[in-house]
Amino acid sequence: MEVQGHRGARARYPENTIPAFEYALQVGVDVLELDMAITQDGKIVVSHDPHISAKICLNAKGRKLEKEPLIHELTLAQVKTYDCGTLINPRFPHQRPVSPTQIPTLEEVFKYVKDSKHPVAKKVRFNIETKSFADHPEYTVAPAEFAKRVIAVVKKHHMMNRVILQSFDYRTLEEARKIEPKIVIAALSETKGEDLVASAKKLNANICSPDFEMISGDTVKKLHDIGVQVVPWTLNTPEDWKKAIDMNVDGIITDDPGELISFLKKK
């Protein structure tokens, strides 16, 4: 069972930050899951939201945000002024603040893992999501440009054989495949009623990553029958982990990878 640390390990450390990825490597994850946005000056930063979130970030003076600026309207230097490690996400009371903590770039994450002394660092993979929005094109660059920039960074750091590219915006996956036909892609889904098998076939996806509530053992079998792995999100309880294992999924995306790994060792 493949364990993916969602946004690193946001149940324990600030999401999508180096401390979260450090913890995930320490506990022995198979995959670091993270999200990508693009700055005004074309740099890829690791953020789930297209804006600087007031729920988890403070401004350069350590104050709460009155506005949530779009990352695409900020330079990298401006993005780096925000502290996204001091506030504890109210959804995760056991999260440990790390003050101050900057939003990292994708390049910084790759370099950190390359330099890490944790045993899993040499083989850990990266499940990286393009945060692209068909209904809000102003939030980021066009799908083709997004895919081009991501693949350029992946190739620069020689990570092509360790990267999964995932997205809810399938356009970015299609564009990535045009540039790099062998890239592993994962089709994310949260649309109730979506024919996951049809979507996977259309994209020639390697992996299907749906909301866990959308799938059954039968769905998993149908996807396996066409050679597609199933890695649902985001499962955080032993009850859901057991259900997923019983469904024969290939991996689990979780906010608490350390607890999931301990759970799997007891099975």
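Conventions used here
Residues numbered from 1 in each chain as written. Predicted model: local features only at pLDDT ≥ 70, side-chain atom pairs only at ≥ 80, totals over all residues. Heavy atoms only, no water. Helix = DSSP H or I, 4+ residues; strand = E, 2+ residues; numbered from the N terminus. Rg over C-alpha atoms; globule rule 2.2 N^0.38 Å. Buried < 20%, exposed > 50% of the residue type's maximum accessible area, 1.4 Å probe, protein only. Contact = heavy atoms within 4.5 Å. Areas by Shrake-Rupley, 256 points an atom, 1.4 Å probe, with all protein chains shown as cover. Core = buried A, V, L, I, M, F, W, Y, C linked by side-chain atoms within 4.5 Å. Right-handed = clockwise from strand over helix to strand, strands pointing away. Pairing = 2+ DSSP bridges. 1 Å grid on protein atoms, 1.4 Å probe; cavity = no way out; pocket = protein on both sides within 12 Å on 5 of 7 lines; lining within 4 Å. Points joined across faces, edges and corners; volume = space filled by probe spheres on them. Nonpolar A, V, L, I, M, F, W, Y, C, P; charged D, E, K, R; others polar. Arc of directions from axis to C-beta. Phe/Tyr/Trp six-rings, centres within 6.5 Å; stacked < 30°, edge-to-face > 60°.

Undergrad: So what exactly am I meant to see when it comes to the overall build of the protein here?
TA: Across its full length, the protein holds 9 helices and 9 strands. In terms of overall dimensions, the protein is globule-like: its C-alpha atoms have a radius of gyration of 18 Å, near the 18 Å expected for 267 residues. A total of 267 residues make up the protein; the buried ones form 55% of that total. Sequence separation of 24 or more characterises 58% of the internal contacts of the protein that already satisfy a separation of 6 or more. Carbon and sulfur atoms form 50% of the exposed surface of the protein, whose accessible area is close to 12700 Å².

Undergrad: I tried to follow the nonpolar core on my own but got confused; where do I start?
TA: Most often, soluble globular proteins keep nonpolar side chains buried together rather than apart. Ranked by size, the top nonpolar core spans 59 residues in total, and within it Leu32, Met36, Phe126, Ile128 and Ile215 carry the most contacts. Top element by residues in this core is helix 4 (residues 143–156). It accounts for 6 residues. For Ile128, the residues in contact, after removing those within four places along its chain, are Leu34, Met36, Leu106, Val150, Val154, Val163, Ile164, Leu165 and Gln166. The next biggest cluster of nonpolar side chains, apart from the first, holds 13 residues, and it includes Ala37, Ile52, Cys57 and Ile103.

Undergrad: Sorry, what's going on with the pairing of strand 6 (residues 184–189) here?
TA: Put simply, side chains in a regular strand alternate between the two faces of the sheet. Counting buried residues in strand 6 gives 5 out of 6 residues, a clear majority hidden from the surface. Handedness of the crossover joining strand 5 (residues 163–167) and strand 6 through helix 5 (residues 170–179): right-handed. Bridging between strand 6 and strand 7 (residues 207–210) involves 4 bridges; their strand directions are parallel. When the bridges of strand 7 are listed, Ala186 appears paired with Ile207. Each parallel crossover has a hand, and the one from strand 6 via helix 6 (residues 196–203) to strand 7 is right-handed.

Undergrad: It is not clear to me how the layout of surface pockets should be interpreted in this structure. Could you clarify?
TA: Unoccupied space between atoms shows up once a probe the size of one water molecule is rolled over them. Of the pockets and cavities examined, the largest pocket occupies roughly 320 Å³. Around the largest pocket, the lining is made up of 20 residues, and of these His48, Glu129, Lys131, Phe168 and Glu190 lie nearest the centre. Contributing elements (two or more residues each) for the lining of the largest pocket: strand 2 (31–38) and strand 4 (125–130). Its residues assigned to classes, the lining of the largest pocket shows 6 nonpolar, 6 polar and 8 charged. Empty space within the second largest pocket amounts to approximately 240 Å³. Along its surface, the second largest pocket is lined by Arg7, Arg10, Glu15, His48, Asp49, His51, Ser53, Lys55, Ile56, Asn89, Pro90 and Arg91. Looking at the lining of the second largest pocket residue by residue, the classes come out as 2 nonpolar, 4 polar and 6 charged.

Undergrad: Would you explain helix 8 (residues 238–247) in this entry?
TA: Note on helix geometry: an α-helix contains 3.6 residues per turn, so any two residues three or four positions apart are oriented the same way. Along helix 8, the positions that sit buried rather than exposed are Asp240, Trp241, Ala244 and Met247. The buried residues of helix 8 occupy an angular sector of 125° when the element is viewed end-on, so they sit on one face. For helix 8, exposure combined with an orientation more than 90 degrees from the buried face picks out Glu239 and Asp246. Against helix 7 (217–225), strand 9 (251–254) and helix 9 (257–266) lie the buried residues of helix 8.

Undergrad: Sorry if this is basic, but what is going on with the packing of aromatic side chains here?
TA: Where two aromatic rings form a pair, the distance of their centres and the angle of their planes describe that pair. Applying the stated criterion to the full structure yields 5 aromatic pairs. Aromatic pair Phe168 and Trp233: ring centres 5.9 Å apart, planes at 90°, arrangement edge-to-face. One end of the pair, Phe168, is in the loop between strand 5 and helix 5; the other, Trp233, is in the loop between strand 8 (229–230) and helix 8, and 65 residues separate them in sequence. Its relative accessible area of 31% is what places Phe168 among the partly exposed residues. Since its relative accessible area comes to 17%, Trp233 is described here as buried. Considering the side-chain rings of Trp241 and Phe263, the 5.4 Å spacing of their centres and the 55° angle between planes classify their relative orientation as tilted. Of this pair, Trp241 sits in helix 8 while Phe263 sits in helix 9, placing them 22 residues apart in sequence. When its relative accessible area of 17% is taken as the criterion, Phe263 is described as buried.

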